[in-house]
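# Survey of secondary and tertiary structure
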Amino acid sequence: MKIIVPLAEGFEEIEFSTIVDILRRAEIEVIVAGLKKGLIQGARKVKVMPDTFIDRINSDDFDVIVLPGGYPGFENLGKDKRVLNLIQKMDREGKYITAICGAPSVLSRAGILKGKKATIYPGIKDKLQDSQYIDERVIVDGKIVTSQGPGTAMEFALKLVEILAGEDKMK
């Protein structure tokens, strides 16, 4: 398993670090791809140096995409055609598409949530279009996994480990 995490200015630090840390502890390869070259600043001014630049990645090399939330991070992801194209291509190929906090709105914008169950940060549930909003911490619908926010980041990451590496690894 190999995971791509696109990182945009304004990402949510708790979500990003919790998810990447837990996945790497589970010995799952995670590549962080910045939407720009150099340091990416989070919503609370924490700066992260991505592993690579998004223009250098090939979606064929990845099995899963994880979108962290945060404001305005999720909006920056949703405005980026490279991210939307990556989501659509990976969805067509039957790969796992996952998002937390406000980032499920990016999946909606990419048009891959039609008829799916999903969750999102409760205060912006109106940004989920053509899907069934479920007010739960983590929702799995086929190969789409969504979660509500910073307070659910560990649960979300552990669910991803369970799905990708098994229950024993998750425990």
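Residues numbered from 1 in each chain as written. Predicted model: local features only at pLDDT ≥ 70, side-chain atom pairs only at ≥ 80, totals over all residues. Heavy atoms only, no water.

All right, on to the overall build of the protein then. If you tally the helices and strands in the protein, you get 6 helices and 11 strands. Relative to its length of 171 residues, the protein is compact, with a C-alpha radius of gyration of 14 Å against a globular reference of 16 Å. In terms of overall dimensions, the protein has a C-alpha envelope of 35 × 35 × 30 Å along the principal axes. Within the protein, the fraction of its 171 residues that count as buried is 53%. In the form shown here, the protein has an accessible surface area of approximately 8000 Å², with 46% of it arising from carbon and sulfur atoms. (Helix = DSSP H or I, 4+ residues; strand = E, 2+ residues; numbered from the N terminus. Rg over C-alpha atoms; globule rule 2.2 N^0.38 Å. Buried < 20%, exposed > 50% of the residue type's maximum accessible area, 1.4 Å probe, protein only. Areas by Shrake-Rupley, 256 points an atom, 1.4 Å probe, with all protein chains shown as cover.)

Take the sheet that holds strand 6 (residues 64–67) next. Pairing in this open sheet of 7 strands is mixed, and the strands run 5-2-1-6-7-11-10 from one edge to the other. Unpaired on one side and paired on the other, strand 5 (52–53) and strand 10 (138–141) mark the two borders of the sheet. Across 4 bridges, the pairing between strand 6 and strand 7 (residues 96–100) is parallel. Bridge pairing in strand 7 links V66 to T98. Each of strand 1 (2–7), strand 2 (29–34), strand 6 and strand 7 touches helix 1 (residues 13–25); the most contacted strand, strand 2, lies at about 150° to it. The strands touched by helix 5 (residues 153–165) within the sheet are strand 1, strand 6, strand 7, strand 10 and strand 11 (144–147), with strand 7 carrying the most contacts at an inclination of about 170°. (Pairing = 2+ DSSP bridges. Contact = heavy atoms within 4.5 Å. Axes fitted to C-alpha atoms, helices over the stretch in contact; angles between N-to-C directions.)

All right, on to the nonpolar core then. Counting residues in each nonpolar core, the largest one holds 31 residues, and the members touching the most others are I4, I65, L67, V83, I87, I97 and L107. When contributions to this core are tallied by element, the ones reaching two or more residues are strand 2, strand 6, helix 2 (73–78), helix 3 (81–92), strand 7 and helix 4 (104–109). Here the element with the most residues in this core is helix 3; it accounts for 5 residues. Those residues in contact with I65 that sit more than four places away from it in its chain are I4, P6, L86, I87, M90, Y96, I97 and T98. In this structure, V5, L7, I40 and V138 belong to the second largest nonpolar core, which totals 28 residues. (Core = buried A, V, L, I, M, F, W, Y, C linked by side-chain atoms within 4.5 Å.)

Interpretation note: all reported values are geometric properties and have no functional meaning in isolation.
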